[in-house]
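Report on the structure
In case you want the letters, here they are:
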Amino acid sequence: MKVTVVGAGAVGASCAEYIAMKDFAAEVVLVDIKEGFAEGKAMDLMQTASLNGFDTKITGTTGDYSKTAGSKVAVITSGIPRKPGMTREELIGINAGIVKEVTQNLVKHSPDVIIIVVSNPMDTMAYLVHKTSGLPKERIIGMGGALDSARFKYRLAEALESPISDVDGMVIAAHSDTGMLPLFSKATRNGVPVSEFLSDEQKANVIEETKIGGATLTKLLGTSAWYAPGAAVSVMVQSILCDQKKMIPCSLMLDGEYGESDICLGVPAIIGKDGVEKIVNITLTEEEKAKFAEAAKAVRDVNGDLKF
Ligand SMILES: NC(=O)c1ccc[n+]([C@@H]2O[C@H](COP(=O)([O-])OP(=O)(O)OC[C@H]3O[C@@H](n4cnc5c(N)ncnc54)[C@H](O)[C@@H]3O)[C@@H](O)[C@H]2O)c1
Ligand SMILES: O=C(O)C[C@H](O)C(=O)O
């Protein structure tokens, strides 16, 4: 099956690399607006195929969407990343126009496509794709929770001094510095609640470091992260192409779930061959419910800046 990745920059190339390395897709098409850039990234990645042992064919194109025709999944990473000191929300002015145009091109050539939205501010960009693509809501999935949950597990393992494979946990709500909701109450080490091992101070630190995970990396790198974002996308694409039905927190259009409607926010969902098979309703504490509602209010304010 064919996967298109729009934006052959840091995140787009990382998506293509992880998808190819796992060898579950027949073809990955990279698209960029910068002349020759996607072609160059595709060629460089293809020259790793014999070294890394994959058969996925990676091609690149400068804006020729006819090459993306018949894609099962398209990942939108085109747009600008933030610089140190910025919030993701500040990117809306430039990225909204790019995401809207790219979506129209993708849908024109692949009407049955499932779109994974990565460009920031992601929850708002996912909402924009819902409002402008004409695709059913099951086929538009924002990527944020998979990445934020991986960062949560990294911070939990650090605090627990345990291997990451011992740890499980999930982050829902908004993909923003303030609106992320790491579900500490449900995090476990080999099935045992992590609250059995960590103090209140450690808990607060893990939650805060998780929420500012993207900002911390942006400060260190001078631009935002790409390895873990690419790996997170590859997990979502694999769950679709291989119909794995994994439960993954994704930014989805809500219609009453978690008390919200007409907004994209991170919630756990079953992801399979048709996209979103089911939004999973989990029980939140009263404090978590209040934080989810607060995150929704902030995302709704940002959505208000969109022009359709
Ligand atoms: N949702 C997440 O978890 C997450 C994680 C990391 C990054 N991001 C976001 O992903 C986006 C990309 O980040 P990056 O680090 O890869 O940036 P980047 O600058 O390295 O790459 C972006 C690429 O998009 C291309 N582009 C711009 N306009 C285009 C268009 N109209 N059509 C096709 N290509 C176009 C650029 O030429 C560039 O190569 C940013 O908005 C960033 O904030 C989101
Ligand atoms: O932090 C960013 O701006 C990029 C991305 O959303 C991330 O979380 O890495």
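See the structure shown above.
A brief report on the enclosed structure follows. If you're wondering where the values come from, they're calculated on a predicted model, not measured in any experiment. (Residues numbered from 1 in each chain as written. Chains lettered and ligands numbered in written order. Predicted model: local features only at pLDDT ≥ 70, side-chain atom pairs only at ≥ 80, totals over all residues. Heavy atoms only, no water.)

Thoughts on the sheet that holds strand β11 (residues 192–193)
Put simply, the test is: Between any two strands, at least two bridges found by DSSP are needed for them to pair. Strands here are runs of E lasting at least two residues and helices are runs of H or I lasting at least four, both read from the DSSP assignment and numbered beginning at the N terminus.
Here we have three strands laid out as an open sheet, ordered β7-β10-β11, and antiparallel in their pairing. Of all the strands in the sheet, just β7 (167–168) and β11 have a single pairing partner and so form its edges.

Remarks on the packing of aromatic side chains
Our working definition: Two rings from Phe, Tyr or Trp (for Trp, the six-membered ring) form a pair when their centres sit within 6.5 Å of each other. Planes less than 30 degrees apart are called stacked, planes more than 60 degrees apart edge-to-face, and all others tilted. Each residue is assigned to one of three classes by its accessible area relative to the maximum for its type, calculated with a 1.4 Å probe on protein chains only: buried under 20%, partly exposed between the two thresholds, exposed over 50%. Note on geometry: a ring has a charge over it if NZ (lysine) or CZ (arginine) is within 6 Å of the ring centre and within 35 degrees of the ring normal.
A complete count under the given rule lists two aromatic pairs for this structure. Measuring from centroid to centroid gives 5.6 Å for Trp226 and Tyr227, while their planes differ by 50°, and the two rings are tilted. You can call Trp226 partly exposed: its relative accessible area is 23%. Here Tyr227 falls in the exposed class, since its relative accessible area comes to 53%. Positioned over the ring face of Phe37 is Lys34, at 3.9 Å from the centre of the ring.

Focus on the site of ligand 1
Definition in use: Nearness of a residue to a molecule or strand requires only that one of the residue's heavy atoms be within 4 Å of it. Here a polar contact is recorded for every N or O atom pair within 3.5 Å, except that within protein the pair must consist of a potential hydrogen donor and a potential acceptor, and residues adjacent in sequence are included only if both atoms are side-chain atoms. Only the protein chains shown count as cover for residues, with accessible areas throughout obtained via the Shrake-Rupley method and a probe of 1.4 Å.
Not every one of the 27 residues close to ligand 1 is listed here, only the nearest: Val11, Asp32, Ile80, Asn120 and Met143. With respect to ligand 1, the backbone of Ala10 contributes an N or O atom lying 2.9 Å from an oxygen atom. Val118 places a polar main-chain atom, nitrogen or oxygen, 2.9 Å from a nitrogen atom of ligand 1. When ligand 1 is considered free in solution it has 860 Å² of accessible area, and contact with the protein chains removes 89% of it. Listed by contribution, the elements that provide at least two residues to the shell around ligand 1 are α1 (10–22) and α4 (92–109).

So, the pairing of strand β2 (residues 27–32)
The buried fraction of β2 is high, at six of six residues. Burial along β2 is two-sided: Glu27, Val29 and Val31 and Val28, Leu30 and Asp32, pointing in opposite directions, are all buried. As paired elements, strand β1 (residues 2–6) and β2 share five bridges and run parallel to each other. Following the sheet pairing, Val5 is matched in β2 by Leu30. Pairing between β2 and strand β3 (residues 57–62): six bridges, direction parallel. When the sheet's bridge partners are listed, Val29 is paired in β3 with Thr59.

Points about the pattern of salt bridges
Between side chains of opposite charge, a pair can form as their charged atoms come close. Put simply, the test is: A carboxyl oxygen of Asp or Glu within 4 Å of a side-chain nitrogen of Lys or Arg is what we treat as a salt bridge.
Under the counting rule described, the total for this entry stands at 15 salt bridges. Residues Asp262 and Lys131 are paired through a salt bridge, measuring 2.9 Å at the closest nitrogen-oxygen approach. With Asp262 in strand β13 (residues 261–272) and Lys131 in helix α5 (residues 122–133), the pair connects residues that are 131 residues apart, well separated along the chain. Residue Arg155 is joined to Glu158 by a salt bridge in which the shortest nitrogen-to-oxygen separation is 2.9 Å. Here Glu158 and Arg155 lie together in helix α6 (residues 145–160), a separation of three residues that amounts to about one turn. Linked through salt bridges whose partners overlap, the residues forming this network are Arg82, Arg88 and Asp177.

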